[in-house]
Amino acid sequence: AQSVAQPEDQVNVAEGNPLTVKCTYSVSGNPYLFWYVQYPNRGLQFLLKYITGDNLVKGSYGFEAEFNKSQTSFHLKKPSALVSDSALYFCAVRDGGGYNKLIFGAGTRLAVHP
Amino acid sequence: GAVVSQHPSRVICKSGTSVKIECRSLDFQATTMFWYRQFPKQSLMLMATSNEGSKATYEQGVEKDKFLINHASLTLSTLTVTSAHPEDSSFYICSANLIQGGLETQYFGPGTRLLVL
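Residues numbered from 1 in each chain as written. Chains lettered and ligands numbered in written order. Predicted model: local features only at pLDDT ≥ 70, side-chain atom pairs only at ≥ 80, totals over all residues. Heavy atoms only, no water.

Asks: Is there a simple way to explain the pattern of salt bridges in this structure?
Replies: Pairs may arise between side chains of opposite charge once their charged atoms sit close together. Evaluation of the coordinates by the stated rule reveals eight salt bridges over all chains. Here A:Lys101 makes a salt bridge to B:Glu59, at a shortest N to O gap of 3.0 Å. Note that A:Lys101 is positioned in the loop between strand E10 (87–94) and strand E11 (102–104) and B:Glu59 in the loop between strand E6 (57–58) and strand E7 (67–73), a pairing that runs across two chains. Looking at B:Glu59, the relative accessible area reads 22%, which means it is partly exposed. For B:Glu22, the salt bridge is made with B:Arg24, and the minimal N-O distance between the two is 3.4 Å. With relative accessibility at 35%, the residue B:Arg24 sits in the partly exposed group. Counted as one network, the salt bridges with shared partners bring together A:Asp95, A:Lys101 and B:Glu59. (Salt bridge = Lys/Arg side-chain N within 4 Å of Asp/Glu carboxyl O. Helix = DSSP H or I, 4+ residues; strand = E, 2+ residues; numbered from the N terminus. Buried < 20%, exposed > 50% of the residue type's maximum accessible area, 1.4 Å probe, protein only.)

Here it is in structure tokens:
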């Protein structure tokens, strides 16, 4: 069965420093991986996805993610964090069945301090 | 592009009443939409997959008679919580599947917060 794990409940970063939000996955077959961000009392916003091709995927708001097949990881990164990046981040993997069902990780809360 | 709306954004109702939540894809057509439920400080729980013109597919443990889903057009899916009870209070989020170049991405609505008194 497909699954994703986000090992950190919360990540704290100082503004201007690089940030990393971790995600590991377990899939049978080729992984389709996604990152979404959720601000308080809002739905999820799509950041980026990996389907195939370059291992470094660039997304919205300056975020990028690196797909590492050998480590089964898809960590989200940003070179310089902003206070406005503070939010809840979800990693997701496409389920092996039809309809593009997604399986979400538990979420990681990112707190960027001034 | 790829905007999904939900209405209402917030609803308070009395126990025993029914509540309808609408999910619309504003600038694209979606044959498939999804309904999620999110509890405080938790991840999203998929409730059902809504397919235009056919019956929804419910996840295990989700009562189909309790959560009625209708996907009557390529831009609209509705979730009706029937005979709502306080334990149904939650944040309900929909998403619509956008297919571009054969690749699929889910775009999410802003969510609906339901409070049942």
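Asks: What is the right way to look at the packing of aromatic side chains in this model?
Replies: Aromatic rings in a pair are described by how distant their centres are and how their planes are angled relative to each other. Enumeration over the complete set of coordinates arrives at 16 aromatic pairs over all chains. Ring geometry for A:Phe34 against A:Tyr36: centres 6.4 Å apart, planes inclined by 25°, an arrangement best described as stacked. Given a relative accessible area of 0%, A:Tyr36 falls into the buried group. Pairing A:Phe63 with A:Tyr89 gives two aromatic rings, centres 5.5 Å apart and planes at 50°, and the pair type is tilted. Of this pair, A:Phe63 sits in the loop between strand E7 (56–58) and strand E8 (64–68) while A:Tyr89 sits in strand E10, placing them 26 residues apart in sequence. In this pair, the class of A:Phe63 matches that of A:Tyr89, namely buried. Through a chain of ring-to-ring contacts, the aromatic side chains of A:Phe34, A:Tyr36, A:Phe46, A:Phe90, A:Phe104, B:Phe28, B:Phe34, B:Tyr36, B:Tyr107 and B:Phe108 assemble into a single cluster. (Phe/Tyr/Trp six-rings, centres within 6.5 Å; stacked < 30°, edge-to-face > 60°.)

Asks: Sorry, what's going on with the state of the cysteines here?
Replies: Disulfides are covalent bonds that connect the sulfur atoms of two cysteines. Residue and element names in this part refer to chain A. By the definition in use, this model includes two disulfides over all chains. For Cys23, the disulfide goes to Cys91, at an S-S distance of 2.0 Å. Taking the torsion about the sulfur-sulfur bond, which here is approximately -60°, the covalent link between Cys23 and Cys91 counts as left-handed. One end of the pair, Cys23, is in the loop between strand E3 (19–21) and strand E4 (24–26); the other, Cys91, is in strand E10, and 68 residues separate them in sequence. Note on Cys91: relative accessible area 0%, which makes it buried. (Disulfide = S-S within 2.5 Å.)

Asks: What am I meant to see in the side chain of B:Ser43 here?
Replies: Within the element layout of this structure, B:Ser43 appears in the loop between strand E4 (32–38) and strand E5 (44–51). Its relative accessible area of 18% is what places B:Ser43 among the buried residues. Polar contacts involving the side chain of B:Ser43 include one to the main-chain carbonyl oxygen of A:Gly105, which spans 2.6 Å. (Polar contact = N/O pair within 3.5 Å; in protein donor to acceptor, adjacent residues only side chain to side chain.)

Asks: Quick question: what am I supposed to make of the interface of chain A and chain B here?
Replies: Across the boundary between the two partners, chain A contributes 20 residues, which contact 24 residues of chain B. Roughly 1800 Å² is buried in total at the junction of chain A and chain B, and carbon and sulfur atoms are behind 53% of that figure. Of all residues in chain A, the largest losses of buried area upon contact with chain B belong to A:Tyr99, A:Asn100 and A:Lys101, amounting jointly to 28% of the total for that side. Counting the contacts that link chain A with chain B gives two salt bridges. Here chain A is connected to chain B by seven residue pairs in polar contact (both at pLDDT 80 or more). Of the residues in the side of chain A that touches chain B, the class split is 11 nonpolar, five polar and four charged. (Contact = heavy atoms within 4.5 Å. Buried area = accessible area lost by both parts, 1.4 Å probe. Nonpolar A, V, L, I, M, F, W, Y, C, P; charged D, E, K, R; others polar.)

Asks: Any chance you could explain the layout of surface pockets here in plain terms?
Replies: A water-sized probe, rolled over the atoms, reveals where empty space remains. By volume, the largest pocket amounts to about 310 Å³. Taken together, 15 residues make up the lining of the largest pocket; nearest its centre are A:Leu44, A:Gln45, A:Phe46, B:Ala2 and B:Phe108. When contributions to the lining of the largest pocket are tallied by element, the ones reaching two or more residues are strand E6 (44–50) of chain A together with strand E1 (4–7) and strand E10 (103–108) of chain B. A total of three residues in the lining of the largest pocket trace back to one element, the largest contributor, which is E6(A). Looking at the lining of the largest pocket residue by residue, the class counts come to nine nonpolar, five polar and one charged. Space inside the second largest pocket adds up to approximately 250 Å³. Lining the second largest pocket we find 13 residues, and of these A:Gln38, A:Asn41, B:Gln38, B:Lys41 and B:Arg113 sit closest to its centre. (1 Å grid on protein atoms, 1.4 Å probe; cavity = no way out; pocket = protein on both sides within 12 Å on 5 of 7 lines; lining within 4 Å. Points joined across faces, edges and corners; volume = space filled by probe spheres on them.)

Asks: What am I meant to see in the side chain of A:Gln38 here?
Replies: Residue placement: A:Gln38 occurs in strand E5 (residues 33–38). Residue A:Gln38 is classed as buried on the basis of its relative accessible area of 7%. Only 2.8 Å separates the side chain of A:Gln38 from the side chain of B:Gln38, close enough to count as a polar contact. With sequence-adjacent residues up to four places away left out, A:Gln38 is seen in contact with A:Gly43, A:Leu44, A:Ala87, A:Leu88, A:Phe90, B:Gln38, B:Phe91 and B:Ile93.

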